[in-house]
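Residue-level structure breakdown
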Amino acid sequence: MVLRLTDGTTITDLSEPPQGIRHRLLFGVEERSGREVAVKVELIDGALEAERLVLEWLTEQDAPAPRLWAAGTLDDSGEHPGAACLIVDHVAGGATSSLAGWGRLGRALARLAEVPWEGSGLTTLDHDAFRDLHERRVADLSTALGR
C-alpha cells in the first residue's frame, strides 16, 4: 500500500499499529527522504487541526517533540481521499515501565513547559474547562468501545 498527499509527498512500506477513533495511524517511509514517519489520517473532520497547530508551533520552537514534515490532504488514489493528513517523525518507544523511563518522561515534559505558548495561536484552558473537555472525551471513547 502507498499513501500520497496532494502535494506529492509519498509514503511507502506502511504498517498499522493499534488504532484510535478520531484518526487512522500508519507507520511508513517517506519516499524522497527515506525518513521513517508516522502518518495520521483524519477520520472525523477537524480532529487533527489542533494537533497540526501544536506540531507546527513545537517544530518552530525546536521543542522536544516529533517534527511535522508535511500537513495536507490525501489524493484520490486510495482510501479516505481528501482527508486531512499529518506526517511526523516516527519515534520508537513504548509504555514507560521503569523508574529511569519515568524520569526521562518527566524531564521531557519539563522541557515542554519551557516552550512559550504566547504567539502559538493555541487555545489555553483553565483547570475546570480542561477537566470538562477531558471527561467528555473519555465518555465519547467509552461509548465508542461499547462500555
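Residue positions are given per chain, counting from 1 as you read along its sequence in written order. Totals for whole chains, interfaces and linings use every residue, but because this is a predicted model, local features are given only for residues with pLDDT of at least 70 and side-chain atom pairs only at 80 or more, for both listing and counting. By convention in this description, side-chain values take in all heavy atoms of the structure and omit both hydrogens and water.

**Some points on helix 1 (residues 49–60)**
What counts as a helix is a DSSP run of H or I of at least four residues, what counts as a strand is a run of E of at least two, and both are numbered from the N terminus. The length a helix should cover is 1.5 Å for every residue beyond the first. Given a rise of 1.5 Å per residue, 12 residues ought to cover 16 Å, and the 17 Å separating the end C-alpha atoms of helix 1 matches this to within 8%. Positive backbone phi, approximately 55 degrees, marks Asp62, located one or two places after helix 1.

**Details of the layout of surface pockets**
The space that makes up the largest pocket amounts to roughly 990 Å³. For the lining of the largest pocket, the secondary structure elements donating two or more residues are helix 1, helix 2 (99–113) and helix 3 (127–145). Residues that form the lining of the largest pocket fall into these classes: 19 nonpolar, 7 polar and 4 charged. Roughly 450 Å³ of volume is contained in the second largest pocket. Computed over the protein atoms alone on a 1 Å grid, cavities are sets of points where a 1.4 Å probe fits but cannot get out and pockets are open sets with protein on both sides within 12 Å along at least five of seven lines; a residue lines them when it has an atom within 4 Å of a point. Contributing to the lining of the second largest pocket are Pro64, Ala65, Pro66, Val91, Ala92, Gly93, Gly94, Ala95, Leu105, Ala108, Leu109 and Leu112. The nonpolar class holds Ala, Val, Leu, Ile, Met, Phe, Trp, Tyr, Cys and Pro. Asp, Glu, Lys and Arg form the charged class, and all remaining residues, Gly among them, are polar. Of the residues belonging to the lining of the second largest pocket, the class tally is 10 nonpolar, 2 polar and no charged. Grid points are joined across faces, edges and corners, and a volume is the space filled by probe spheres set on the points.

**A word on helix 3**
In an α-helix, one turn spans 3.6 residues; hence positions three or four apart end up facing the same way. Across its 19 residues, helix 3 extends 27 Å between first and last C-alpha, which sits within 8% of the 27 Å expected from 1.5 Å per residue. Think of a polar contact as two N or O atoms within 3.5 Å of one another; within protein, one of them needs to be a possible hydrogen donor and the other a possible acceptor, and neighboring residues in sequence only count if both atoms come from side chains. For helix 3, the side-chain oxygen to backbone nitrogen distance between the N-cap and Asp128 is 3.2 Å, and the N-cap itself is Asp126. Looking one or two residues past helix 3, Gly146 carries a phi angle of roughly 80 degrees, positive in sign.

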